[in-house]
Each structure stands twice: as C-alpha cells, then as structure tokens.
Amino acid sequence: MWTRLAAKRAPLSFQLELTARCNNDCRHCYINLPAGDLAARARELTAEEIFRIADQAVEMGAVWCLLTGGEPLLRADFAEIYLGLKQRGLLLSLFTNACLLAPEHVALLRRHPPRDVEVSVYGASREAYERVTRRRGSFAAFTRGLNLLLDGGVDVRLKAVAMRSNIDEFPAIAAFCRDRTKDYYRFDPLLHLRYDHDPERNAEIRAERLTPAEIVAVERADGERFGALTSVGVEGARTANDGSPREYDHLFHCGAGTSSFTVGADGMFRLCGALVHPGTTYNLRAGSLREAWQEFVPRVRDLRGTNQLFLQRCRQCDIIDLCQWCPAHADLESGAMDEWADYFCAVAHARAAALAVPLA
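Computed from a predicted structure; not experimentally measured. (Residues numbered from 1 in each chain as written. Predicted model: local features only at pLDDT ≥ 70, side-chain atom pairs only at ≥ 80, totals over all residues. Heavy atoms only, no water.)

Concerning helix H9 (residues 199-208)
- Arg 201, Asn 202, Ile 205 and Glu 208 are the residues of H9 that are buried. Buried residues of H9, viewed axially, fall in a sector of 115 degrees; they line one side. Facing away from the buried side of H9 by over 90 degrees, the exposed positions are Pro 199, Glu 200 and Ala 207.
- At the N-terminal boundary of H9, the capping side chain belongs to Asp 198, with an oxygen 3.0 Å from the backbone nitrogen of Glu 200. (Buried < 20%, exposed > 50% of the residue type's maximum accessible area, 1.4 Å probe, protein only. Helix = DSSP H or I, 4+ residues; strand = E, 2+ residues; numbered from the N terminus. Arc of directions from axis to C-beta. Polar contact = N/O pair within 3.5 Å; in protein donor to acceptor, adjacent residues only side chain to side chain.)

Quick look at the structure:
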C-alpha cells in the first residue's frame, strides 16, 4: 500500500552518481575524490551494471534520471551510458562543472537532448572561481565549456553556492548566471558535511560556512528566494510529505524514498543523496531494486528518534520548515540521525526573525 500511494503521488525518478571523482577540488564539496583515485574508480558501477539497474527502474515506472557525481564527464564511457539510458526511454538531466566539456559532448547532447544541463558557478572572476576549486586554469575551462553549451543551443540551468570564498562577489555571480539563463538560476547558502565524514575536509567546509546573519542577508538580497521563504508554512513538521499524519518521533517527515531514490557510484541504494547512515543503504550489487524499494525503504522510513534533545527541540519546533534539519543532515553533522544541529537551528531563527515569524 505504501509504495502504491507513493507511485500515485509522482512519477518515479532517480539520481545516478556516475563517479565520486572530480577534476576540481572544491573547498565545500561533500563527495569529491581525486580524479585519479584508482580505488574509487574500481568501485564504480560498470555500464552494464548501470543498465541492469536502469532496466529495473524503468520496469517500476521510472521516467527521469539525473546524472551526477563527482564529475560525470570523467567517465570514459559517459557517452555509452548516456545513450543507453536514453534508449531505455528515460528523461535525462546532467549536473556538471562544465570544465571537461568538449565539442563531442555538445554534439551528443544536441543529437539526443537532455531535459536540461545544470552547471555550477563558483565565481564570476578567475580569482574567486579558482579560490573555490583550487585548480589553476579551471575558470578558463569552465567558461569554455559553458560557452560550448550555450552556443550549441543546449538547455542550461545555472546554480551557485554562497560561501566564504566567493561571498564578496556573490551579486556578480547572480548577474553572471541571470545574464546567461533568463529563466532559471538558483543558489544555496547552506553547506553540508562530507558523506565520508572526513574530519579534515569537514573542517574546511565549516570554515566556508556563512554565519546565519550573512545567510539571511544573501537571501534577502534575492527577491525570488526571499519570497519563497515567506511562503513557507510552520505546520510542515506535523505531517509527512505524502500527506499522512506522522507521530512526532518519526525521523522521516520529508519525501525521501517516496517517489525518488539515489544510486551511488558504488551501487549503494539511498533514499536520498545525503542519507548515508549505516543501516539506511542497500547494496544493489547483491540485491534487486524492487526489493530495495518495496521492502527496505519502508523499514527505513519507519525509524524513530529517541534522543530527547531532538524530540523536544526539533520535533516540537514551529520553525523547523525554515531549518535545514533532516535525518540525513543531522547524521552528517553528528553521526546520529536524531540529533539537534546548532548551526541549522541558528539559521532557522535568523530567518524567522527576518520574516517576523511569531514563535510559540
């Protein structure tokens, strides 16, 4: 019954991480491994394994797949995978940093159009961009790749991440993006910690985080985003995204695993991209996607929280919808899915103050 209800709510979609490797070394990245990491490469699903999973997904009703990474274009068999998924009738989207884009990639995308290609913009100048990526020459590679896409008539969406290393020119980044994609631009001012819990990389991410006051200032400067925040209700924590009532100790009040899922580069099934806590992932190399979806997902979504700090502060909070708290992010912050996260809490209260949300 649970999966039937989910299927009625929205078509099934999935995110496919082709690799965790990347040609850049961005300060804020929660997943990237070096492009030449042979161990990471050896763990990656083969094209045949990807097609086996995709066949199961299509059989279950999947209509859309997001190709992401790491940097997907690091895969030498990217074109083979892309065409194979298109031939299975899937709508495809691609996330890329554009630095590795070549004319042959654009020709492929023109012949077999994706729904869209989403490109990350880390700076509007070489100095800011390469301060984030830590790769000399990456800004020139990015602009060359982006221009290839735009000149080729490929549908492009641009996105940015606001962080310490680029905040000084964030208005210029927004202008850069909006000048090139009139209909779509989004940004995220909240940085999440590493999937592998690497302490040194997590320290770098924390150092890049904006203060709650800075986050509110960036959001207030963007009328579209601030308008969206003002429309956020305060009752969202009381029901799940599928519309069914939830007891307050249920961990999952989000849509994770209801109409979408993530397949990691190593073949691990996840309810959402960020959920990597032990016991919440399923090895698709050892089992079937249908078993993961129909049997494993409901067990994970039924998990309860027992931490009283979480239950008293988060589950009964009127402004949790202004917070980035979720079981996955709590785990990345603390190693526990039912833990209060002080940074997210501070951001939520800063937003509430800016919006003049009355607190109980």
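Observations regarding the pattern of salt bridges
- A complete count under the given rule lists 23 salt bridges for this structure.
- Here Arg 194 and Asp 196 are joined by a salt bridge, their closest N and O atoms 3.0 Å apart.
- The class of Arg 194 is buried, set by a relative accessible area of 1%. (Salt bridge = Lys/Arg side-chain N within 4 Å of Asp/Glu carboxyl O.)

Observations concerning the environment of Arg 136
- Within the secondary structure, Arg 136 sits in the loop between helix H6 (126-133) and helix H7 (138-151).
- Of the residues examined, Arg 136 reaches a relative accessible area of 85% and is grouped as exposed.

Observations concerning unusual backbone geometry
- Look at the link from Gly 69 to Gly 70: it is a cis peptide, with omega at 15 degrees.
- By the element assignment, Gly 70 lies in the loop between strand E4 (62-68) and helix H4 (78-87).
- The phi angle at Arg 134 is positive, at roughly 60 degrees, despite the residue not being glycine.
- Among the secondary structure elements, Arg 134 is positioned in the loop between H6 and H7.

What about the environment of Arg 43?
- Structurally, Arg 43 can be placed in helix H2 (residues 38-43).
- Assessed through its relative accessible area of 43%, Arg 43 is described here as partly exposed.
- Once the C-alpha coordinates of Arg 43 and Ala 292 are considered, the two residues, 249 residues apart in sequence, prove to be 20 Å apart.
- Excluding anything up to four places from it in sequence, Arg 43 contacts Leu 33, Ala 265, Asp 266 and Arg 285. (Contact = heavy atoms within 4.5 Å.)

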